[in-house]
Amino acid sequence: MSTYEILFWFLTVMALSCALGVILSRNPVNSVLFLIATFFAISGHYVLMNAQFLAIVNIIVYAGAIMVLFLFVIMLMNLNADTEPQKNRLVQFAGVISGGALFLVVLAALRTSSVNMLEQSPTDIGLIKNLGKTLFTQFVLPFEISSVLFLSAMIGAVVIGKKEEAVSEVKQ
Amino acid sequence: MLLLQIDTAFIIEKILLITVILLGSLGIAMYLTWAERKVAAVMQDRIGPARAGIFGLLQPLADGGKLFFKEEIIPDRSTRTLFILGPALAMLTALMTSAVVPWGPDITLENGSVIRLQVADISIGILFIFGVVSLGVYGVMLGGWASNNKFSLLSSIRAASQAISYELAMGLSLVAVLMMTGSLSLREIVEQQHGFWDGYFTWNFFKQPLGFLIFLICAFAELNRAPFDLPECESELNMGYHQEYSSMKLGFYLFAEYINLFVSSAVIITLFFGGYNFPFMDKVAGAASPIVFSLICVLIFLTKIICCILFFMFIRWTLPRFRYDQLMRLGWKSLIPLALFNMVVTGAAILWIFK
């Protein structure tokens, strides 16, 4: 086994076990922490594929910003293991059946399909220079459209934030 | 089984470098606590620590010893693992940033081998720093929440929202710098600021004064230092997020802050004040042997960092604390538009004047 393979298997095991931890742990704060660890493992995979920019942006955006907000909300709501609502048997049973059916379908689909092997030799496409050139030449239209989408989401957030103020003014 | 494909000499060199940098930053952080108290004493017309050693120079050791031997208390109702994880994460993220800072120029030995005074020259150095800084919140948040104390929780929420708000302006102010340098690698940014005068001032500070100002203010906020030390303002929150901590866990939080101060000063110097570059460095390079020249460069770099740290300390003991709404207004309504403006002006200047 080469260093690459050792790292690959380590990261894979880490990603999968942490992802399981997200859904299996009772405390939501622990779930969030497991999810952050999963993001780190995925970033490690990006680094192995020589996509350093994607790796670090994954950490900055997901682990550094979005998960902090998740943690924020969970901490403020003070969700604990004992506040978790008890679901009745019927719902649990239905959940198991539907989940199992989905699992079977996915398994059947994956069994017959052939997955293309990823090229192991490092490419330079994930480096920031090449990524920037690709984004701003070949994919410039989708890129700009998605940024407009973000802008509209931002404006929407501002509008929602403003609204309460206006209502309270009317009340006064 | 080919397990060790990596060059052993390379590993040893890097481990040595990492050890030196870690021990160095720990030692410097130790004496920063002493310096902070001395600076405060001078500003307030006191003597400051004077009992342990000459000028109180052994005071950090005494403090450290005291923290080590104190009773370690983990609150009964706390979340135990996270309570321990908090200070550990704070320390880890504080120490991680130093990996990408170039501490000096490459040393080329007579047999042609090159020693690099930088742990990792990655092509995304600045983004790495951003990533680590954005992770720094977790130590504070987890510690504050796990303590199961409302003051700790309030303080950690303050710290997190402050850090998130100021990260934006910090990133935007750096975008302008990156547009000028055209590289994310810290080594390349330092090398572009070679010397001091090259027909124009080479240091980024002279090209991006506004960007520097925004970055500096954001650095104050990210470091939780006065005038932005709201997460630990005693009058409202007792001690802040480390209220329930005792012994060396408390020490880790306090220590991590000083390491952060040291490392972020290093980053500021690297980005805006030429890193290890100094005026007439080419003449010195011609006169001295490579190793001596590198040592001079490292010393110059450390001197600049210490000046920057002293500036941070002077500000801390001069300005009063902001109110929380003032802090948020400054971050969102002043610094972010200013940083965007700076970005647009820089872009226009690059497009129409320098091309």
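Numbers given for residues are sequential positions, taken from 1 along each chain in its written order. Whichever chain is written first becomes A and whichever ligand is written first becomes 1, with later ones labelled in order. Local features in this predicted model are restricted to residues of pLDDT 70 or higher, and side-chain atom pairs are both shown and tallied only at a pLDDT of 80 or more, whereas totals for entire chains, interfaces and linings draw on every residue. Side-chain metrics in this entry use all non-hydrogen atoms of the structure; hydrogen atoms and water are not considered.

A. Spatial organisation of the overall build of chain A. Secondary structure elements follow DSSP: runs of H or I of four or more residues count as helices, runs of E of two or more count as strands, with numbering from the N terminus. Across its full length, chain A holds six helices and zero strands. Written out in order from the N terminus, the α and β elements of chain A read α-α-α-α-α-α. Two residues qualify as a contact provided that any one of their heavy atoms is within 4.5 Å of a heavy atom in the partner residue. Looking at chain A alone, contacts between residues at least 24 apart form 56% of all its contacts between residues at least 6 apart.

B. Layout of the overall build of chain B. For chain B, the count of helices and strands is 13 helices and two strands. Against the 2.2 N^0.38 benchmark of 20 Å for 355 residues, chain B shows a C-alpha radius of gyration of 21 Å, consistent with a compact globule. Here the C-alpha coordinates of chain B stretch approximately 60 × 60 × 50 Å along the principal axes. Expressed as a percentage of the 355 residues in chain B, the buried residues total 50%. Summarising the internal contacts of chain B: among those between residues at least 6 apart in sequence, 78% fall at separations of at least 24. Reported accessibility uses the Shrake-Rupley method at a 1.4 Å probe radius. Residues are deemed covered only where the shown protein chains occlude them. As presented, chain B carries roughly 17000 Å² of accessible surface, and 70% of it is formed by carbon and sulfur atoms. Here the globule rule reads 2.2 Å times residues to the power 0.38, and the radius of gyration is calculated from C-alpha atoms. We call a residue buried when its accessible area falls under 20% of the maximum for its residue type, exposed when it is over 50%, and partly exposed in between, using a 1.4 Å probe and counting protein chains only.

C. Region of the structure containing the packing of aromatic side chains. All names here are of chain B. Between rings of Phe, Tyr and Trp, where Trp is taken as its six-membered ring, a pair exists when centres lie within 6.5 Å; planes separated by under 30 degrees are stacked, by over 60 edge-to-face, and by other angles tilted. A full pass over the atoms with the stated rule returns 17 aromatic pairs over all chains. Where phenylalanine 83 meets tyrosine 245, the ring centres are 4.1 Å apart and the plane angle is 0°; that geometry is what we call stacked. Remark: tyrosine 245 occurs in the loop between helix H9 (234-237) and helix H10 (247-272) and phenylalanine 83 occurs in helix H3 (residues 80-96); sequence separation between them is 162 residues. The exposure classification of phenylalanine 83 matches that of tyrosine 245, with both residues buried. Through pairs of rings, three or more aromatic residues link up here, namely Trp203, Phe205, Phe206, Phe212, Phe215, Phe272 and Phe273.

D. Here's a closer look at the environment of isoleucine 84 of chain B. Residues and elements named next belong to chain B. With respect to the helices, strands and loops of the structure, isoleucine 84 is situated in helix H3. We classify isoleucine 84 as partly exposed; its relative accessible area is 39%. When the C-alpha atoms of isoleucine 84 and glycine 139 are compared, they prove to be 9.8 Å apart, with 55 residues separating the residues in sequence. Sequence-distant contacts of isoleucine 84, defined by excluding residues within four places in its chain, comprise Ile74 and Lys249.

E. Quick look at the interface of chain B and chain A. At the junction of the two partners, chain B supplies 25 residues and chain A supplies 27 residues. Of the roughly 2300 Å² buried where chain B meets chain A, counting both sides, 77% is carbon and sulfur surface. The largest contributions to the chain B side of the interface with chain A come from Tyr138, Met141 and Trp145 of chain B, which together make up 27% of the buried area. For salt bridges, the criterion is a side-chain nitrogen of Lys or Arg within 4 Å of an Asp or Glu carboxyl oxygen. In this assembly, chain B and chain A are joined by zero salt bridges. Identification of polar contacts relies on pairs of N or O atoms within 3.5 Å, with a donor-acceptor requirement for protein atoms, meaning one able to donate a hydrogen and the other able to accept it, and with residues adjacent in sequence counted only if both atoms are side-chain atoms. The interface formed by chain B and chain A includes two residue pairs in polar contact (both at pLDDT 80 or more). Elements supplying a minimum of two residues to the side of chain B that touches chain A: helix H4 (125-146) and helix H5 (150-181) of chain B. Here the element with the most residues in the side of chain B that touches chain A is H4 of chain B; it accounts for 11 residues. Each residue gets one label: Ala, Val, Leu, Ile, Met, Phe, Trp, Tyr, Cys and Pro are nonpolar, Asp, Glu, Lys and Arg are charged, and the others, such as Gly, are polar. In terms of residue class, the side of chain B that touches chain A is built from 20 nonpolar, five polar and no charged. When two components associate, each loses some accessible surface as probed by a 1.4 Å sphere; the sum of these losses over both components is called the buried area.

F. Molecular detail of the packing of helix H2 (residues 28-48) of chain A against H4 of chain B. Between H2 of chain A and H4 of chain B, the shortest axis-to-axis distance is 13 Å and the interhelical angle comes to 160°. Here H4 of chain B runs roughly antiparallel to H2 of chain A, going by the angle between their axes. Crossing angle aside, the handedness with which H2 of chain A passes H4 of chain B is left-handed. Here Val29, Leu33, Ile36 and Phe40 of chain A of H2 of chain A lie close against H4 of chain B, whose contacting residues are Leu135, Tyr138, Leu142 and Trp145 of chain B. Of the residues in the contact of H2 of chain A with H4 of chain B, the class split is eight nonpolar, no polar and no charged. Helix axes are fitted only over the stretch in contact, all axes being lines through C-alpha atoms; the angle between N-to-C directions runs from 0 to 180 degrees. In what follows, roughly perpendicular refers to angles from 65 to 115 degrees, roughly parallel to angles under 35, roughly antiparallel to angles over 145, and oblique to any angle outside these ranges. By the definition used in this description, the sense in which the near helix is turned from the far one sets the handedness, with an anticlockwise turn below a right angle giving left-handed and a clockwise turn giving right-handed.

G. Representation of helix H1 (residues 3-24) of chain A. Residues and elements named next belong to chain A. Given the number of residues in a helix, its expected span is that number minus one, multiplied by 1.5 Å. Between its first and last C-alpha, H1 extends 31 Å over 22 residues, near the 32 Å set by a 1.5 Å rise per residue. By the burial criterion, the buried members of H1 are Leu11, Thr12, Ala15, Cys18, Gly21 and Val22. On the buried face of H1, the contacting elements are H2.

H. A look at unusual backbone geometry. Residues and elements named next belong to chain B. Despite not being glycine, aspartate 45 has its phi angle at roughly 60°, a positive value. Following the sequence through the fold, aspartate 45 ends up in the loop between helix H1 (8-43) and helix H2 (59-69). Since its relative accessible area comes to 73%, aspartate 45 is described here as exposed. Phi angles above zero are rare outside glycine, and asparagine 148 is one such case at about 60°. Among the structural elements, asparagine 148 can be located in the loop between H4 and H5. The class of asparagine 148 is partly exposed, set by a relative accessible area of 47%.

I. A look at the nonpolar core. Here, nonpolar core means buried Ala, Val, Leu, Ile, Met, Phe, Trp, Tyr and Cys residues that are tied together by side-chain atoms lying within 4.5 Å of each other. Grouped together as the largest cluster of nonpolar side chains are 110 residues, with contacts concentrated most on Ile126, Leu271 and Phe312 of chain B. Other than its neighbours up to four places away in sequence, leucine 271 of chain B contacts Ile126, Leu174, Leu186, Ile189, Gln193, Asn204 and Phe215 of chain B.

J. Local environment of the pattern of salt bridges. Residue and element names in this part refer to chain B. Taken as a whole and judged by the stated rule, the model has six salt bridges over all chains. One salt bridge in this structure joins arginine 316 and glutamate 36, with 3.0 Å as the shortest N-O distance. With a gap of 280 residues between them, arginine 316 in helix H12 (residues 290-316) and glutamate 36 in helix H1 connect regions that are remote in the sequence. The class for glutamate 36 is buried, based on a relative accessible area of 3%.

K. Structural context of the domain arrangement of chain A. All names here are of chain A. In terms of domain boundaries, chain A breaks down into domain 1 (3-138) and domain 2 (139-172). In this assembly, five residues from domain 1 lie in contact with four residues from domain 2. For the pair domain 1 and domain 2, the summed buried area comes to about 470 Å², and 70% of that belongs to carbon and sulfur atoms. When the area that domain 1 buries against domain 2 is broken down by residue, the three leading residues are Leu135, Phe136 and Gln138, summing to 85%. Those domain boundaries reflect an automatic or database domain assignment.

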